Amino acid sequence: MDRREFSKSGLLLGTGMLAGCRESNAQKNVAQEKGHYLEPPKNLPIRHFDVVVAGAGTGGVVAAMAAARNGAKTILIERKGYTGGTVTEGGTALHSFYNLWKAFDGVKKTQVVRGIPQQIIDRLLKVGGTSGHAEMSRGFNYDSVCTAIDTELYKLVTMEMLDEAGVFIAVNTLLTGAITDGSRIRGAIIDSRSGREAIYAKAFVDCSAYGDLAAFADADYTVPNDYACCNSIGLANVDLEGYLAHLEANGGSNQLAHGIRSGEDGKVVRFNGGLAGDFRKGAGKIGMSSMITTVHDNYLMFVKCNFKIPGSVINRDDMAKAELEVRKRQAKAVELFRKYVPGCKKAFMARTSPTLNIRRGRLINCDYDISHEDVIEGRHFDDDIMAYGFHDSAPRYQVKDGGTYGIPYRALVVAGIENLYAAGMMITSDHRAHMSTRNTVCCMGQGQAAGTAAALCAAGNMGTRDLPYRKLRDKLVKDGVYFES
Ligand SMILES: Cc1cc2nc3c(=O)[nH]c(=O)nc-3n(C[C@H](O)[C@H](O)[C@H](O)COP(=O)(O)OP(=O)(O)OC[C@H]3O[C@@H](n4cnc5c(N)ncnc54)[C@H](O)[C@@H]3O)c2cc1C
């Protein structure tokens, strides 16, 4: 028997055995509904933790660090191979560590988000991975600072910090289910190439952006589909000075910030515009935005092509069509840059996100729902867990007098479930209020509060509604979180 015949017979033997298995499975399935397959039950290995954080994105990395630093045995579950989430894939700059002081005469410049989010920026500064908190000199009624990041270094730095905090980092791992006992979550089901596992814990934090854990645990949610989706491009091989000179010759950029670029301070790191004539028309057709940041001399970050999905953002097939549409738009965007922007003739797409980003997927019902009035009136609550001062619709809507509003603890407590927090873009139903709470730095602050609270709940064997607020507040203050009063 030659090698080919051997493998063929081996294959036949295998097929025969498989056919036998299939028959017995088929027999078991006789009673099943037509067109469905009943999965056989399976014994899953169990791992025990104090805190599970689902999603290692903008809010999740901060939540997991906070939980672990506060003594909880913490697992962070992330479907991709890296940490950072939408902060590394979607927007232009991190909004916003500061209040909008520049837009209001006499208002004091105050850093309103500190703690772990600021520690991430400090680490990035050490490795040349951020513009720093660069002050805006034009367009400062939109935001007073621009904090741009090197997305790749962000992934590295956050992963290192999680490792140092002792977090069990389960990347390349998909959260696929929840084990519930009435209104309490007992565990999360995860799938990876190491197999399917049950992760038992006392407290849970959903930072999956889409609220996957909450949905698996039967929390109430809606899917508003109230934003365009987008996959932003990193455009390389551009002559930045040439582009900026072109902008100045054509009316100038209406947003400008100077910060650290390619290791040198005082250089332009944010600008806007450059879209005129046919370039503008072409950009309009593909939903291309002109807001750009950079931290490198020859690289434009986050060139965005927005696309409103005609369907559901949690429907795989609608999303597949959108992925193709947006990739076509991206290719056109690069063509436009090459054709119309001086110094961009040889530009190319250096990075895209692994998947479409959207500003809202599922909206998870929580015990308190922040209103637009809460935001723009600058309201604070008895159970504030952070202060925040940026609104993405500025200058149309700004937080009163360049001040801050508070995110109440209740806004992170998932309705109807005893031991689950939600943090990030999945909270806040009012679209205009969400235009504030969904921003990166707010999600990071929420993450620190939710992770800390989860650690305290786990240590005290408490549900989220039993945690004494004062205990959480004292811990957050100790860990550098800023409060108004
Ligand atoms: C196009 C766009 C532009 C934006 N521009 C800006 C801007 O300029 N400035 C600004 O401040 N904000 C901006 N935002 C808003 C901001 O970026 C997001 O709201 C914020 O980053 C969301 O943070 P998050 O923690 O909720 O989710 P994410 O950062 O998205 O993190 C969620 C993580 O969960 C993981 N995950 C999801 N499901 C599972 C699962 N089942 N199993 C395992 N892992 C899972 C994901 O892979 C991801 O890593 C923008 C958003 C978008 C979409």
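Details of the structure are given in the entry above.
The structure presented is a predicted model; accordingly, all values stated were derived computationally and were not measured. (Residues numbered from 1 in each chain as written. Predicted model: local features only at pLDDT ≥ 70, side-chain atom pairs only at ≥ 80, totals over all residues. Heavy atoms only, no water.)

Enquirer: Hey, could you go over helix α11 (residues 440-459) for me, with residue numbers and the actual values?
Expert: With 20 residues, α11 extends 29 Å from end C-alpha to end C-alpha; this agrees with the ideal 28 Å at 1.5 Å per step. Burial analysis of α11 places 19 of its 20 residues in the buried class, which makes it a mostly covered element. At the C-terminal side of α11, N461 shows a positive phi close to 50°. (Helix = DSSP H or I, 4+ residues; strand = E, 2+ residues; numbered from the N terminus. Expected span 1.5 Å × (residues − 1). Buried < 20%, exposed > 50% of the residue type's maximum accessible area, 1.4 Å probe, protein only.)

Enquirer: Go over the packing of aromatic side chains with me, naming the residues and quoting the values.
Expert: In total, this model carries 10 aromatic pairs according to the counting rule given. Here F279 and Y340 contribute two aromatic rings whose centre-to-centre distance is 5.7 Å and whose plane-to-plane angle is 20°, an arrangement assigned as stacked. You can see F279 sitting in helix α7 (residues 277-285) and its partner Y340 sitting in helix α8 (residues 316-340), a full 61 residues away along the chain. The partly exposed category is assigned to Y340, whose relative accessible area is 27%. Here the aromatic cluster, defined as three or more aromatic residues joined through ring pairs, consists of Y243, F271, F279, F337 and Y340. Above the face of the Y221 ring, R362 is positioned so that its terminal group lies 4.9 Å from the ring centre. (Phe/Tyr/Trp six-rings, centres within 6.5 Å; stacked < 30°, edge-to-face > 60°. Lys NZ or Arg CZ within 6 Å of the ring centre and 35° of its normal.)

Enquirer: Explain the site of the ligand to me, using residue names and the numbers behind them.
Expert: Looking at the ligand, there are 33 residues lining it, with T58, E78, T86, A93 and R438 nearest. Between the ligand and T86, the relevant distance is 2.5 Å, taken from an oxygen atom to a side-chain nitrogen or oxygen of the residue. L175 is positioned with one of its backbone polar atoms (N or O) 3.0 Å from a nitrogen atom of the ligand. A breakdown of the residues in the shell around the ligand according to their chemical character gives 11 nonpolar, 16 polar and six charged. Mapped onto the domain boundaries, the shell around the ligand takes at least three residues apiece from domain 1 (48-98 + 151-224 + 361-478) and domain 2 (229-358). (Near = heavy atom within 4 Å. Polar contact = N/O pair within 3.5 Å; in protein donor to acceptor, adjacent residues only side chain to side chain. Nonpolar A, V, L, I, M, F, W, Y, C, P; charged D, E, K, R; others polar. Domains from an automatic or database assignment.)

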